[in-house]
Every structure is written in structure tokens, then in C-alpha cells.
Amino acid sequence: MTALADDRISQALAEGSLLTVDGLDLRVKVSGRRKRFALTVESDAGLTLHAPAGRPAREAEEFVRAHRTWVVTKLAVRERTLPLTPAKRLVDGEVFRYLGRTYRLAVVDDEADGSRVRLIAGRLVMSREQAEAPDRARAALVDWYCRAGQNWAVGRLQPWAARMGVAEPELDVCDLGRRWGRYRPGQSEYGPGRMSLGWPLFQLPMHLVDYVVAHELAHVRVPGHRADFWRLLGQALPEYAERRAELDELGRRMWMGEIA
Ligand SMILES: [Zn+2]
């Protein structure tokens with residue numbers, strides 16, 4: 001080993017630096033509160049090494065080597081579940097999904113309300129002017145999913161909340177990135193919390209949207225995903241494990257807003 005390399009591995013890890021260990025590239029996150037090393041595989045299959053402050057690269061490398069089998073297994077799983085989301089073209093006949101059904105896009109020359117996408121006679125209608133401006137067209141399609149999804153999901157809250165014996169939260173449908181849903185408790189003990197659902201969710205069949213609604217409602221009572229969370233969800237939805245697996249499989253094929 002050269003003196004230079006030896007010097008490098010005895011230096012403390014720097015926040016944000018990149019570490020390569022036996023062909024694995026890791027982003028380094030240093031935290032003063034952390035006592036031990038830890039590894040995470042991110043949703044884009046990137047690797048992060050969480051390190052306590054002031055620890056040398058040599059220790060980090062030993063840690064990564066000791067956990068190599070775990071990392072390789074995790075990476076393989078991540079690769080299998082990476083999104084396979086094709087981009088959409090803004091042309092007549094392009095297929096969009098809503099609650100498991102398919103609807104074809106109609107690009108029209110004259111549209112009275114040209115700023116909005118609308119569902120008319122089984123077709124998603126968009127003005128030509130809009131279809132030629134991809135950013136605006138995307139925003140208009142997302143806006144349509146948000147409005148349609150909100151109208152549908154608001155009616156699903158009450159029956160599921162009643163079945164679980166939890167208070168009905170506020171609801172919004174918005175862009176949550178790759179997340180299907182999120183629950184945030186209210187500010188006060190008495191105020192309702194807020195459930196947010198990601199607009200791409202509404203492409204999926206109703207029973208999978210229901211799974212996400214029930215899942216987020218279970219968080220009204222139980223934060224996190226420990227055994228008591230799954231017990232509560234299982235009481236309301238005994239087939240939750242099958243639905244969750246189906247959501248993982250079908251979900252990665254959904255459109256996430258990319259325009260070709
Ligand atoms: Zn959850």
C-alpha cells in the first residue's frame with residue numbers, strides 16, 4: 001500500500017464524499033449524533049453510508065465489506081422493483097388509466113375551456129394548443145388526476161374510517177413523488193390529521209386505491225409499520241398482504257408524469 005493511500009484511509013470521512021469499496025459506490029452522510037455505521041439502499045438503488053463523526057475511512061470500508069452480502073441482496077431486490085414507467089406522448093389515441101380503466105386522449109382544435117383536461121364521452125380531451133406545450137399539458141393532466149381522484153377518494157374515507165374506528169382526516173390529492181400516500185397527524189390533540197394521496201395512485205384499480213386509503217387510515221391510530229399497525233389494518237382488510245404485493249407489482253408500471 002502506498003503512503004498516500006494509507007493516509008487517505010486514516011483520514012476522517014467527510015460529509016457528502018463518495019466512498020468506493022470493492023466496486024460499490026457509497027454516498028457518505030456524517031452525523032454527530034450517530035454512534036454506529038449504517039447502510040441504506042435508496043429508492044434509485046443508490047447506496048448511502050451513514051457514519052458517526054470523526055471516524056476514519058478504513059473503519060467504514062471494513063463495515064461495508066462485512067455487510068457486502070446484505071448490500072448485494074438489497075440491490076438485487078431494488079433492481080427488480082425499479083419503476084418501469086413509460087413516458088406518454090401527447091397525441092390522439094394515447095392511453096391513460098383511471099381507476100383501472102383505460103381512456104384514450106383526444107387532442108382537439110377547439111376547446112371552450114382550453115386550460116383544463118376533461119373527461120368527455122369516455123375520452124380525455126385536451127386542446128391542441130396545450131398538447132404542444134408539454135409542461136402545461138403535464139400540469140393539466142396531473143390537475144385532472146388530482147380533481148378526479150379527490151372526488152372519488154373522499155367517498156371512500158368514511159366507510160373505511162368507520163370500519164377501523166378512527167377519526168376521518170382531511171384529504172388532498174397531490175404530487176408526492178413516488179409515494180402513494182401519507183398521513184400527518186393534526187397539530188392539536190383534537191384537530192383532524194391530513195391524508196395525502198399521490199395522483200398517480202388513481203391510475204390503479206379501485207381495490208388498490210382502497211388499500212392505500214385503508215393503510216393511511218390505520219396510521220391515524222398507529223404511526224410506523226410495527227406489528228400492531230398490520231394487525232389494525234388486517235382487521236379492516238384481511239387480504240392486505242396480497243393487495244400490497246399487487247400494488248408493488250402494478251404500481252411500478254404506472255405513468256409518473258413523464259412526457260415523451
Ligand atoms: Zn405506512
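As shown above, the structure is provided for reference.
Undergrad: Looking at this structure, I do not really get the nonpolar core. What am I missing?
TA: What tends to happen in soluble globular proteins is that the nonpolar side chains get buried as a cluster. In this structure, Tyr 98, Leu 197, Leu 201 and Phe 202 are the most contacted members of the largest nonpolar core, which totals 53 residues. Mapped onto this core, the elements with two or more residues apiece are strand S5 (95-98), strand S6 (101-108), strand S8 (123-127), helix H5 (134-164), strand S9 (170-174), strand S11 (194-198), helix H6 (206-221) and helix H7 (227-236). Broken down by element, the residue count for this core peaks at 14 residues, all from H5. When sequence neighbours within four positions are dropped, the list of residues in contact with Tyr 98 reads Tyr 103, Trp 144, Tyr 145, Ala 148, Gly 149, Trp 152, Phe 202 and Gln 203. One finds Leu 24, Phe 37, Ala 45 and Leu 75 within the second-largest nonpolar core, a separate group that totals 19 residues.

Undergrad: Where do I start with H7 in this structure?
TA: Residues separated by three or four positions in an α-helix point in the same direction, a consequence of the helix having 3.6 residues per turn. Inspection of H7 places Phe 229, Trp 230, Leu 232, Leu 233, Gly 234 and Ala 236 among the buried residues, and these make up the whole buried set. On its buried side, H7 packs onto H5, H6 and helix H8 (240-251).

Undergrad: What is the right way to look at the sheet that holds S8 in this model?
TA: Strand-to-strand pairing in sheets goes through backbone hydrogen bonds, with the strands running parallel or antiparallel. The strand order across the open sheet formed by 4 strands is S5-S6-S8-S7, and the pairing between neighbours is mixed. This sheet does not close on itself; its edge strands, each paired only once, are S5 and strand S7 (118-120). Going from strand to strand, the sheet's axes swing by 40° on average, the running direction of each strand aside. One ladder, built from 5 bridges, connects S6 with S8; its direction is parallel. Paired with Arg 104 across the bridge in S8 is Arg 123. Docked against the sheet, H5 engages S5, S7 and S8, running at close to 25° with respect to S5.

Undergrad: How should I be thinking about the packing of aromatic side chains in this particular structure?
TA: Aromatic rings in a pair are described by how distant their centres are and how their planes are angled relative to each other. According to the stated counting rule, one finds 9 aromatic pairs in the structure shown. Between Phe 96 and Trp 255, the aromatic rings sit 5.3 Å apart at their centres with planes inclined by 80°, giving edge-to-face as the arrangement. On the criterion of sequence distance, the pair formed by Phe 96 in strand S5 and Trp 255 in the segment after H8 is long-range, its members being 159 residues apart. For the pair formed by Phe 96 and Trp 255, the shared burial category is buried. Connected via pairs of aromatic rings, a cluster forms that spans Phe 96, Tyr 98, Trp 144, Tyr 145, Trp 199 and Trp 255. Over the face of the ring belonging to Phe 96 we find Lys 88, whose NZ or CZ atom lies 5.2 Å from the ring centre. Sitting above the plane of the Trp 160 ring, Arg 163 keeps its charged end 4.3 Å from the centroid.

Undergrad: Mind showing me how you'd approach the coordination of the zinc ion here?
TA: Ideal values differ by geometry: the angle at a metal is 109.5 degrees with four tetrahedral donors, but 90 or 180 degrees with six octahedral donors. Distances from the zinc ion to its protein donors, His 215 (NE2), His 219 (NE2) and His 225 (NE2), fall within 2.0 Å. When the donors of the zinc ion are listed by position in the chain, the intervening gaps give H-x3-H-x5-H. With His 215 in helix H6 and His 225 in the loop between H6 and H7, this residue pair connects regions lying 10 residues apart in the sequence. Owing to a relative accessible area of 11%, His 215 belongs among the buried residues under this scheme. Among the residues examined, His 225 registers a relative accessible area of 48% and is labelled partly exposed.

Undergrad: Explain H5 to me, please; I cannot follow it from the model alone.
TA: With 31 residues, H5 should cover 45 Å at 1.5 Å per step; its first-to-last C-alpha distance of 42 Å lies within 8% of that length. Considering bend angle alone, the principal kink of H5 is centred on Ala 153 and spans about 25°.

Undergrad: For this particular structure, what's the right way to read the pairing of S11?
TA: Strand residues, when the strand is regular, have side chains that alternate between the two faces of the sheet. With respect to burial, S11 is a largely interior element, 4 of its 5 residues being buried. Summarising the sheet, S9 and S11 pair through 5 bridges and their orientation is parallel. What sits directly across from Glu 170, in S11, is Arg 194. Relative to S11, strand S10 (residues 181-184) runs antiparallel, the two being bridged by 4 bridges. Across the sheet, Gly 181 pairs through a bridge with Leu 197, a residue of S11.

Reading the values: the criteria
- Residues numbered from 1 in each chain as written.
- Predicted model: local features only at pLDDT ≥ 70, side-chain atom pairs only at ≥ 80, totals over all residues.
- Heavy atoms only, no water.
- Core = buried A, V, L, I, M, F, W, Y, C linked by side-chain atoms within 4.5 Å.
- Buried < 20%, exposed > 50% of the residue type's maximum accessible area, 1.4 Å probe, protein only.
- Helix = DSSP H or I, 4+ residues; strand = E, 2+ residues; numbered from the N terminus.
- Contact = heavy atoms within 4.5 Å.
- Pairing = 2+ DSSP bridges.
- Axes fitted to C-alpha atoms, helices over the stretch in contact; angles between N-to-C directions.
- Phe/Tyr/Trp six-rings, centres within 6.5 Å; stacked < 30°, edge-to-face > 60°.
- Lys NZ or Arg CZ within 6 Å of the ring centre and 35° of its normal.
- Donors = N, O, S within 2.8 Å, 3.2 Å for Na, K, Ca; no water.
- Expected span 1.5 Å × (residues − 1).
- Bend = angle between axes of the 7 residues up to and from the residue.

All quantities given are derived from atomic positions and should not be read as evidence of function.
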